[in-house]
Amino acid sequence: MYDLIVIGAGAVGLSVARYFQVERHWRCLVLEKEPRIGQGISSRNSEVIHAGLYYPTGSLKARLCVEGKERLYHYLERNTLPHQRCGKYVVAATDQENELEQLADQGSANGVSDLELIDEVTACQRVESLAPCTALFSPSTGILSADSWMRHLAGEFQAAGGDLALNTVFCDMTPAGDTLQLTVADPAGDTMTIQAEKTVNATGLSALEVAEAAGFEYQKRGYEVKYCKGSYFSVPDARGNFQSLIYPLPTPNSLGIHIRLDLLGEVRLGPDAEYLPDNVPVYTVDPALETEFRRQVRRYWPAVDQYPLEPDWAGIRPHLFVENSFYQDFFMRSEVDSDCPGWINLLGIDSPGLTAAMAIGPYLETLWA
Ligand SMILES: Cc1cc2nc3c(=O)[nH]c(=O)nc-3n(C[C@H](O)[C@H](O)[C@H](O)COP(=O)(O)OP(=O)(O)OC[C@H]3O[C@@H](n4cnc5c(N)ncnc54)[C@H](O)[C@@H]3O)c2cc1C
């Protein structure tokens, strides 16, 4: 009998399991259908530690991003894991200055206290290759190696006595008094039942299906997840040209095609946003997207046309819709209404899920209090 079973060994599941096992001394089990941890959304993203500007004040995204960022930096520093506080410039054309100021105001209201609005002259001095533009500088934005971080979370979790079951698929759940009975299967299809007091569904792209399999009828109530693909192009010859990330202003369903850096200084452009028909996952990048990528990036980095672009990789966001409206926030619910308060569903854990991950465990604890 476990205190807690977490389904899904991505950044969110591992952070939640580590919190309860290491900091709360609960007896925890993580179930993961793949043979290795961190092979889902958490391995295909921009690896940016977001500051917390973009999300409506008071939303879960705003609160958990700002708190998660602090917890994440602390964790990475304490364990000397690879990361860099490289900072970020959000750039705006002359007719977008009001939007940039609104973003700065929202960031401040969310508790991001170090933002700096800078004029055209200063922006061009700091990043010489930028087109003339005003900018918002966010010094607390950074980048990390998600893979190193997740491996460390899993290692610490197991060293503290936590169990990790790889190649183990969650199949269904039956409430039994105050406990939950989970049926799981191995790759040969053999099943077994495990008991827990509490369970967190942290299965990323599969979270709605897992919730349904556990008996929570979200689809009947108009909930739907749409797969939103984001492609990236690499710019190999621009390696080392940028010290900070460069973002345009966000659009309703994405943060915009930005200049993304990794810890080796490699430059990538992306991600765009494209809904995938019938939620069939596709991770290849269509070379024909290059024209649109150049058009969008040229507006703030005219020199992009001097460099060849190479189709790189893609990730998929789980966008949650409720009765056909895009649910912009994280959805985190203890199933009290279904008489199953021990079970928590996490749906639509899109960006900034990586940044927020280490604040999610403490938040879930409040749902169970
Ligand atoms: C293109 C893109 C860019 C992004 N950029 C950023 C960024 O820069 N910064 C940021 O903070 N966030 C970013 N995000 C968001 C972030 O990557 C996600 O929010 C986060 O990785 C979600 O983690 P997760 O653990 O919920 O999901 P996942 O990493 O997908 O983990 C879910 C796990 O559940 C497992 N699973 C599924 N079904 C079952 C089952 N039935 N039984 C057992 N296991 C199961 C899967 O195999 C998987 O390992 C980005 C996302 C995308 C797509």
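Quick caveat, the model's predicted, so the values are computed rather than measured. Per chain, the residues get numbers from 1 upward, laid out in the order the sequence is written. Given that the model is predicted, a residue must reach a pLDDT of at least 70 before its local features are reported, and side-chain atom pairs must reach 80 or more before they are shown or counted; all residues, however, enter totals for whole chains, interfaces and linings. Only hydrogens and water are set aside when side-chain values are computed; all heavy atoms of the structure are taken into account.

Visitor: Any chance you could break down the overall build of the protein for me, citing the residues and the numbers?
Guide: For helices the rule is a DSSP run of H or I covering at least 4 residues; for strands it is a run of E covering at least 2, with both sets numbered from the N terminus onward. Scanning the protein for helices and strands turns up eight helices and 21 strands. Atoms counted for the radius of gyration: C-alpha only. Globule rule: 2.2 Å times the number of residues to the power 0.38. Against the compact-globule benchmark of 21 Å for 369 residues, the protein has a radius of gyration of 21 Å, which places it among compact chains. Expressed along its principal axes, the backbone C-alpha trace of the protein runs to roughly 65 × 40 × 35 Å. Counting only residues that meet the buried cut, the protein has 55% of its 369 residues in that class. Any two residues whose heavy atoms approach within 4.5 Å at even a single point are treated as in contact. Restricting to contacts in the protein with at least 6 residues of sequence separation, those with at least 24 account for 73%. To measure how exposed things are, a 1.4 Å probe is used in the Shrake-Rupley method; for residues, cover is taken only from the protein chains shown. Entry remark: accessible area of the protein is about 15,700 Å², with carbon and sulfur atoms responsible for 48%. For every residue, the accessible area obtained with a 1.4 Å probe (protein chains only) is divided by the maximum for its type, and the residue is called buried under 20%, exposed over 50%, and partly exposed between those limits.

Visitor: Quick one: what's the story with the pairing of strand S7 (residues 134-138), residue by residue and with numbers?
Guide: Of all the five residues making up S7, five are buried; the element is thus mostly covered by neighbouring parts of the structure. Where burial is concerned, the two faces of S7 agree: the one with Thr134, Leu136 and Ser138 and the one with Ala135 and Phe137 are both buried. Strand pairing is assigned whenever DSSP detects at least two bridges linking the two strands. Strand direction decides the pairing type here: strand S5 (residues 88-92) and S7, joined by five bridges, are antiparallel. The partner of alanine 92 across the bridge, within S7, is threonine 134. Two strands pair when backbone bridges link them, and strand S6 (residues 116-118) and S7 are joined in this way by three bridges, in the antiparallel orientation. Bridging across to S7, isoleucine 118 finds its partner in alanine 135.

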